[in-house]
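An overview of the molecular structure
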Protein chains: 2
Amino acid sequence: MKLITRETDYAMRALVYMARPKNSLVSVAELIKELKFPRPFLRKILQTLKRRRVLKSHKGKRGGFLLARPPEKIFLVDLIGIFQGPIELDECLFKKKLCPDVNVCLLRKKLQKIEAEVVAQLRSISIGSLRDERN
Amino acid sequence: MKLITRETDYAMRALVYMARPKNSLVSVAELIKELKFPRPFLRKILQTLKRRRVLKSHKGKRGGFLLARPPEKIFLVDLIGIFQGPIELDECLFKKKLCPDVNVCLLRKKLQKIEAEVVAQLRSISIGSLRDERN
DNA sequence: GACAAATGATACTAATATGGTATCATTATA
DNA sequence: TATAATGATACCATATTAGTATCATTTGTC
Ligand code: FES
Ligand code: FES
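Residues numbered from 1 in each chain as written. Chains lettered and ligands numbered in written order. Predicted model: local features only at pLDDT ≥ 70, side-chain atom pairs only at ≥ 80, totals over all residues. Heavy atoms only, no water.

Quick look at helix H5 (residues 106-123) of chain B now. Its 18 residues give H5 of chain B an end-to-end C-alpha distance of 26 Å, which sits within 8% of 26 Å, the value for a rise of 1.5 Å per residue. All of the buried residues in H5 of chain B are Leu106, Leu107, Leu111, Ile114, Glu115, Val118, Val119, Gln121 and Leu122 of chain B. Contacts from the buried residues of H5 of chain B go to helix H1 (6-18), helix H4 (76-84), helix H5 (106-123) and helix H6 (127-132) of chain A together with helix H4 (76-84) of chain B. (Helix = DSSP H or I, 4+ residues; strand = E, 2+ residues; numbered from the N terminus. Expected span 1.5 Å × (residues − 1). Buried < 20%, exposed > 50% of the residue type's maximum accessible area, 1.4 Å probe, protein only. Contact = heavy atoms within 4.5 Å.)

Following this line, the structure appears as structure tokens:
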């Protein structure tokens, strides 16, 4: 079972790389040179991040991407939300069918608790913190 | 993102249904009558549980399945292990490639912590506890 | 002993999610 | 105006999940 997919992971690492004091434009060419990700896949990922306002972009020659906000304010949980959908560990697989009572269901309550903890932990991980502790 | 798949969920509910004081044989016919799961799918699931020693079975006419141990000793985390493989939220997606140093990686440490918490919570959920709090 | 009702074993199929490519349009700069 | 970049979008490949189908084996009942 995976908590983060490859897409999320690529996104995260690209963002860590881009989290420079200067916050200048970084092109896909530069990123893949450094990170060795498949180019078109990374392109798609960055375009998604742009659409979701995590990155800004500049088109045309000498264009590229840059962070839309400080790396301390970009959290892993945001990236998971973008690439894997919202975390809903407690979602009931039975919905309308045989589900006894969603509000009373013990299993659901337990899973909700787990989810809350996971999200809290994930919120403590920012691109900034990951960059700072890179070795 | 799902913590438990449908297979795990079906297994869990079937086990809760079977967790009766008497622990007598229950046939697939009875289970699907009560739980409305797809018959061949449930059959496969129960056979897996048998193989993994969560259930015992009795073949032939009037046969069926019964719990191999008390419901208080069957945990959700066991079922996840059987149907979804071991929980490895912290698995590195880069392995040999660009992975800097598995032992130092901050992300990995954080994910390990999350995983430990999730597993601990999951261990507190047994078939017995789920049955007792059913409404 | 024959039949029926159950599980055992196993192979196959369908649907969905994930990982990744390919192509062409648009824009900015030199 | 050529070039180097992103924008948009459609497509393809692989893995996982969900489910079916079939036949063999066992066992209780008449
Ligand atoms: S069965 Fe639906 S919330 Fe528990
Ligand atoms: S990159 Fe491999 S453990 Fe962090």
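After that view of the structure, there is still more to cover.
With that settled, the discussion passes to the interface of chain A and chain B. Taken together, the contact pairs 42 residues of chain A with 42 residues of chain B. At the boundary of chain A with chain B, total buried surface from both sides reaches about 3,900 Å², with 71% on carbon and sulfur atoms. Counting across the interface, chain A meets chain B through zero salt bridges. Where chain A packs against chain B, one counts one residue pair in polar contact (both at pLDDT 80 or more). Breaking the side of chain A that touches chain B down by element, the ones donating at least two residues are H1, helix H2 (28-35), H4, H5 and H6 of chain A. Looking at the side of chain A that touches chain B element by element, the count peaks at 10 residues for H5 of chain A. (Buried area = accessible area lost by both parts, 1.4 Å probe. Salt bridge = Lys/Arg side-chain N within 4 Å of Asp/Glu carboxyl O. Polar contact = N/O pair within 3.5 Å; in protein donor to acceptor, adjacent residues only side chain to side chain.)

This part takes up the relation of the copies chain A and chain B. Note on the copies: chain A fits chain B at an RMSD of 0.2 Å, the axial shift is 0.0 Å, and the rotation between them is 179 degrees. Taken together, the rotation and translation relating the two chain copies correspond to the operation of a two-fold axis. Interface overlap between copies: 100% of the residues of chain A at the interface are likewise at the interface in chain B, consistent with a symmetric, same-surface contact. (Least-squares fit on C-alpha atoms with pLDDT ≥ 70 in both.)

Residues in contact with DNA strand C amount to 27 residues; listed here are only the nearest, Phe41 and Lys44 of chain A together with Arg43, Lys50 and Ser57 of chain B. The sugar-phosphate share of atoms of DNA strand C within 4 Å of the protein amounts to 61%. The separation between a phosphate oxygen of DNA strand C and a polar main-chain atom of Arg6 of chain A is 3.2 Å. The separation between a phosphate oxygen of DNA strand C and a polar side-chain atom of Ser57 of chain B is 2.5 Å. Counting residues per element, the ones that place at least two in the surface near DNA strand C are H1 and helix H3 (39-51) of chain A together with helix H3 (39-51), strand S1 (55-58) and strand S2 (64-67) of chain B. When residues in the surface near DNA strand C are grouped by element, the largest group, four residues, is from H3 of chain A. Taken together, the residues of the surface near DNA strand C break down into six nonpolar, 10 polar and 11 charged. (Near = heavy atom within 4 Å. Nonpolar A, V, L, I, M, F, W, Y, C, P; charged D, E, K, R; others polar.)

Moving on to the nonpolar core. The nonpolar side chains of a soluble globular protein tend to be buried, and buried together. In terms of nonpolar packing, the biggest core is built from 94 residues, with Leu49 and Leu122 of chain A together with Leu49 and Leu122 of chain B touching the most fellow members. Every residue in contact with Leu122 of chain B, bar those within four places of it in the chain, is listed here: Leu111 and Ile114 of chain A together with Leu3, Leu76, Val77, Ile80 and Ile87 of chain B. (Core = buried A, V, L, I, M, F, W, Y, C linked by side-chain atoms within 4.5 Å.)

Around DNA strand D sit 28 residues, and of these Arg43, Lys50 and Ser57 of chain A together with Phe41 and Lys44 of chain B come closest. Backbone sugar and phosphate groups make up 59% of those atoms of DNA strand D lying within 4 Å of the protein. Within the side chain of Gln47 of chain A, one N or O atom sits 3.1 Å away from a base nitrogen of DNA strand D. Residue Lys50 of chain A places a side-chain N or O atom 3.0 Å away from a phosphate oxygen belonging to DNA strand D. When contributions to the surface near DNA strand D are tallied by element, the ones reaching two or more residues are H3, strand S1 (55-58) and strand S2 (64-67) of chain A together with helix H1 (6-18) and H3 of chain B. The leading source of residues in the surface near DNA strand D is H3 of chain B, at four residues. When its residues are assigned to classes, the surface near DNA strand D shows six nonpolar, 10 polar and 12 charged.

Attention now goes to H4 of chain B. In terms of burial, H4 of chain B is largely enclosed, as seven of its nine residues are buried. Of all the positions in H4 of chain B, only Leu76, Val77, Leu79, Ile80, Ile82, Phe83 and Gln84 of chain B are classed as buried. Among the structural elements, H5 of chain A together with H1, H3, H5 and helix H6 (127-132) of chain B are those in contact with the buried residues of H4 of chain B. Positive phi shows up at Gly85 of chain B, right after H4 of chain B, with a value of about 80 degrees.

Time to look at the side chain of Gln84 of chain B. In this structure, Gln84 of chain B sits in helix H4. Exposure remark for Gln84 of chain B: the relative accessible area of 17% places this residue in the buried category. Polar contacts involving the side chain of Gln84 of chain B include one to the main-chain carbonyl oxygen of Leu3 of chain B, which spans 3.1 Å. With sequence-adjacent residues up to four places away left out, Gln84 of chain B is seen in contact with Met1 of chain A together with Leu3, Ile4, Thr5, Thr8 and Leu79 of chain B.

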